[in-house]
Amino acid sequence: MTAKVIDGKAFAANVRAQVATHVTRLKEVNGLTPGLAVVLVGEDPASEVYVRNKGKQTVEVGMNSYEHKLPADTSEEDLLALIAKLNADPAVHGILVQLPLPGHLDSDLVINSINPAKDVDGFHISNVGLLGTGQKSMVPCTPLGCLMMLRDHHGSLSGLNAVVVGRSNIVGKPMAQLLLADSCTVTIAHSRTKDLAAVCRGADILVAAVGRPEMIPGDWVKPGATVIDVGINRIERDGKKKLVGDVEYGSAAEVAGAITPVPGGVGPMTIACLLANTLTACCRAHGLPEPEGLTA
């Protein structure tokens, strides 16, 4: 068996195209332009690249992009004051504070100071609680992207056994909640799970989100299973730097029914879903129907 490759790059381009269509309609019919504010504190190189890409793609779909770059020694008081200003700005529908923050800043305090309705990352404790209790929330971008690809591939997820390897607040836990809401039978596994290999082999849907390079080999994958690899790990192999996932792609692709590659799988979906969330937040703020297929 050779797995079907789930092309996240192409899927993300389609999501962005849908967002752009909705944004054009919002402008023409309602006179509204969704606005996304991104706050970057310090000069972390990876974060700067992410922020630049987010800004570029925000403008490409017709939204307003507001970037706020602050020095690394910015005080908590000043950062919270900026967030309060963005919370009160009706032109800003989504607020994203790029993580990680410098060590002297309390990430939880900062994230929870964002208006939950504008929390397009879905990290605010109110959105976490709403998602966990099956209510309308802002959904974290990476799990939302995974869910979209799974729904597209399977149609209905009802009754499937899903194993999520990883229990982070950013991916593992919300991914499990989304799968549960789609009527999967869900197991959250992690580094201390007894006989992790056997647990993984029972999965119709295997989501790897542990941040360990190629931790999951092909013989942990159930024949015909769908493998969603969230991991992005930089390693050196044969003297060259390379990006790999949490799944050993070569061996897993021989067993799985479908698999996301790294790079080009889940990664591109994260920014696409950020744009979708900003659109959703704008619609909700103005009492308009939410765009179909772009949220959970």
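Notes on the structure in this doc start here.

So, how was this worked out
Residues numbered from 1 in each chain as written. Predicted model: local features only at pLDDT ≥ 70, side-chain atom pairs only at ≥ 80, totals over all residues. Heavy atoms only, no water. Helix = DSSP H or I, 4+ residues; strand = E, 2+ residues; numbered from the N terminus. Expected span 1.5 Å × (residues − 1). Buried < 20%, exposed > 50% of the residue type's maximum accessible area, 1.4 Å probe, protein only. Contact = heavy atoms within 4.5 Å. Lys, Arg positive; Asp, Glu negative; His and termini not counted. Salt bridge = Lys/Arg side-chain N within 4 Å of Asp/Glu carboxyl O.

1. Some words on helix α2 (residues 45-60)
For α2, which comprises 16 residues, the first-to-last C-alpha distance of 23 Å matches the rise-based estimate of 22 Å (1.5 Å per residue) to within 8%. Those residues of α2 not exposed but buried are S47, V51, K54, G55, Q57 and T58. Looking at the buried residues of α2, the elements they touch are α1 (8-30), β2 (35-41), β3 (64-70), β4 (94-97) and α10 (267-285). Trailing α2 by a residue or two, G62 shows a phi angle of about 95 degrees, which is positive.

2. Some points on unusual backbone geometry
A cis amide bond, omega 0 degrees, links L99 with the succeeding residue P100. Note that P100 resides in the loop between β4 and α4 (107-111). P263 follows V262 through a cis peptide bond whose omega is 0 degrees. On the secondary structure map, P263 appears in the loop between β11 (258-259) and α10. Unlike most non-glycine residues, D195 shows phi in positive territory, near 50 degrees. Notably, E214 is not glycine yet its phi reads approximately 50 degrees, a positive angle. By the element assignment, E214 lies in the loop between β7 (205-208) and β8 (226-229).

3. Some points on the side chain of K118
The topology assignment puts K118 in the loop between α4 and α5 (125-132). Buried K118, no salt bridge; nearest opposite-charge side chain is D89, N-O distance 6.2 Å. Setting aside residues up to four positions removed in sequence, K118 forms contacts with L86, N87, A88, D89, V92, H93, G94 and I95.

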